[in-house]
Amino acid sequence: MKAFVKRSAAPDDIALEEVKIPTISEDELLVQVKAVGVGIHDSYFLPQEIDYPYVIGIEASGIVEEIGSRVTQFKKGERIAFISMMQLKGGTWAEFAAVHKDSLILSIPENMDFTEAAAVLVAGNTVLRALTALHLNSGDSVFIAGASGAIGTFAIQFAKARGWVVAGSASPKNHDYMKSLGADKTVDYRDPNWANEVRKWMPNGVDAAIAIQPGTGTESMHIVKDGGTVITISGDRIEPERGITAAFVPHKADVRNELHDLIEQIASGTYQLVIEEVYPFDQALEALQKTQTRHARGKLVLKME
Ligand SMILES: NC(=O)c1ccc[n+]([C@@H]2O[C@H](COP(=O)([O-])OP(=O)(O)OC[C@H]3O[C@@H](n4cnc5c(N)ncnc54)[C@H](OP(=O)(O)O)[C@@H]3O)[C@@H](O)[C@H]2O)c1
């Protein structure tokens, strides 16, 4: 099968190669991949010890081609979206993927196509988990740093759906976009005065901040009220001050049910799924490079021919 593989430990040594279709154990499904969700993490979210060449990628959608004898929840021919990460057998940037039955796997609603389904789970899972660490009430406020990418696009909408007041940062070309998702206040992270603007808008500080971009945790904390919360999606460590709680995404939070609802709500139009560009599979490295600019709007997806 065709697959994008990491060929060595050298960063970004990734190329399209012909590799064997993985064989599955009794606890796995073999999926014919139809579309792949792309993220900056695809080049570095890898198991610690791998054999090269290693198929990269952690999320996709496709059709169940084969099931192991202990797989009972899914059947051959079913349309699924899934996250499969840190698997020694490799990831999702391939024509076929072996997926453990305990991975995050969801059936795709009838009125959703593979391209859309491939774009939901990693961003949805990350934001839903992050929100479990914010104990806010309706009417409370949140600032989202770097809010027009894949994570921010969901974060703004989920925050508004919870009744929170939302400010987001991005460059000016994305301010109307953030407002269209529900942001009440937008600022330009390149403007040296942006924190004052947020302070003017919310004089006591916001109740919480979601710092998506690496390096934005500390500056976001400065506009959070005493005793508020900052979540760093990128995993940045910050030195909390003024009784502020600093947290990472709680990776153990179980949001399977919420993700199931989310995929249905996207299919029914309750939430917007924004895909900036769909790339043919063989142009995957262009998509990866685009995520590395950190200026993609919403999600990028690869489509198998
Ligand atoms: N913890 C987890 O489970 C998890 C899972 C997935 C991803 N992640 C992390 O989430 C991040 C990716 O998020 P993403 O795909 O939504 O977005 P992204 O592409 O990293 O960021 C895009 C957003 O950040 C803005 N931005 C760019 N440079 C900035 C800067 N210097 N300061 C503030 N904002 C800036 C962009 O605005 P403009 O385009 O308008 O300039 C845009 O709004 C990665 O760091 C990834 O590691 C974490």
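Keep in mind that what you see is a predicted model, and the values were worked out from it rather than measured.

Counting secondary structure elements, the protein contains eight helices and 16 strands. Relative to the compact-globule value of 19 Å for 305 residues, the protein shows a C-alpha radius of gyration of 20 Å, a close match. In terms of overall dimensions, the protein has a C-alpha envelope of 60 × 40 × 35 Å along the principal axes. By the burial criterion, 47% of the 305 residues in the protein qualify as buried. Partitioning the intrachain contacts of the protein with sequence separation of at least 6 by distance along the chain shows that 61% fall at a separation of at least 24.

A separate point is the nonpolar core. Grouped together as the largest cluster of nonpolar side chains are 99 residues, with contacts concentrated most on Ala81, Val142, Ile144, Ala155, Ala209 and Ile210. Those residues within four positions of Val142 in sequence are excluded, and the remaining contacts are Leu136, Ala159, Trp164, Val166, Val206, Asp207, Ala208, Ala209 and Ile210.

Here the domain parsing of the protein yields domain 1 (2-120 + 273-303) and domain 2 (123-248). Taking only C-alpha atoms, the centre of domain 1 and the centre of domain 2 are 29 Å apart. Facing the 10 residues of domain 1 at the interface are 10 residues of domain 2. Its residues assigned to classes, the side of domain 1 that touches domain 2 comprises five nonpolar, two polar and three charged.

Attention shifts here to the sheet that holds strand S10 (residues 165-169). Strand order in this open sheet of six strands is S11-S10-S9-S12-S13-S14, and the pairing throughout is parallel. Whereas interior strands pair on both sides, the edge strands pair on one side only; in this sheet they are strand S11 (185-187) and strand S14 (245-248). Mean inter-strand twist for the sheet, computed between neighbouring axes without regard to direction, equals 15 degrees. Of the pairings in the sheet, the one linking strand S13 (residues 224-232) to S14 comprises four bridges and is parallel in character. Across the sheet, residue Thr229 finds its bridge partner in S14, namely Thr245. Along the sheet, helix H3 (residues 150-161) makes contact with strand S9 (141-145), S10 and strand S12 (206-211), crossing S10 at roughly 165 degrees.

Attention now goes to helix H2 (residues 121-132). Relative to the 16 Å expected for 12 residues at 1.5 Å per residue, H2 spans 16 Å between its end C-alpha atoms, a close match to the ideal helical length. In terms of burial, H2 is largely enclosed, as 11 of its 12 residues are buried. The set of residues buried in H2 consists of Leu121, Val122, Ala123, Gly124, Asn125, Thr126, Val127, Leu128, Arg129, Ala130 and Leu131.

Our next topic: the site of the ligand. Taken together, 29 residues lie around the ligand, and Gly146, Gly149, Ile151, Ala170 and Ser171 are the ones closest in. Listing elements by their share of the shell around the ligand, those giving two or more residues are H2 and H3. In terms of residue count, the dominant contributor to the shell around the ligand is H3 (three residues). Tallied by class, the residues present in the shell around the ligand amount to 13 nonpolar, 15 polar and one charged. Formed jointly, the shell around the ligand draws a minimum of three residues from each of two domains, domain 1 (2-120 + 273-303) and domain 2 (123-248).

Here we take up the packing of H2 against helix H7 (residues 256-267). The contact between H2 and H7 brings their axes to 10 Å, and the two run at 130 degrees. With respect to H7, the element H2 is oriented oblique. Helix-helix and strand crossings are classified by hand; for H2 and H7 the assignment is right-handed. Contacts between H2 and H7 pair Leu121, Gly124, Asn125 and Leu128 from the former with Glu258, Leu259 and Leu262 from the latter. Here the contact of H2 with H7 is built from residues that sort into four nonpolar, two polar and one charged.

Take Thr229: it is sitting in strand S13. Exposure remark for Thr229: the 22 C-beta atoms within 10 Å place this residue in the buried category. Apart from the residues lying within four places of it in its own chain, the contact partners of Thr229 are Leu134, Ala208, Ile244, Thr245 and Ala247.

Cut-offs used in this document
- Residues numbered from 1 in each chain as written.
- Predicted model: local features only at pLDDT ≥ 70, side-chain atom pairs only at ≥ 80, totals over all residues.
- Helix = DSSP H or I, 4+ residues; strand = E, 2+ residues; numbered from the N terminus.
- Rg over C-alpha atoms; globule rule 2.2 N^0.38 Å.
- Buried ≥ 20, exposed ≤ 12 C-beta atoms within 10 Å, placed from the backbone.
- Contact = placed C-beta atoms within 7 Å.
- Core = buried A, V, L, I, M, F, W, Y, C linked by C-beta atoms within 7 Å.
- Domains from an automatic or database assignment.
- Nonpolar A, V, L, I, M, F, W, Y, C, P; charged D, E, K, R; others polar.
- Pairing = 2+ DSSP bridges.
- Axes fitted to C-alpha atoms, helices over the stretch in contact; angles between N-to-C directions.
- Expected span 1.5 Å × (residues − 1).
- Near = placed C-beta within 6 Å.
- Parallel < 35°, antiparallel > 145°, perpendicular 65-115°, else oblique.
- Left-handed = near helix turned anticlockwise from the far one by under 90°.

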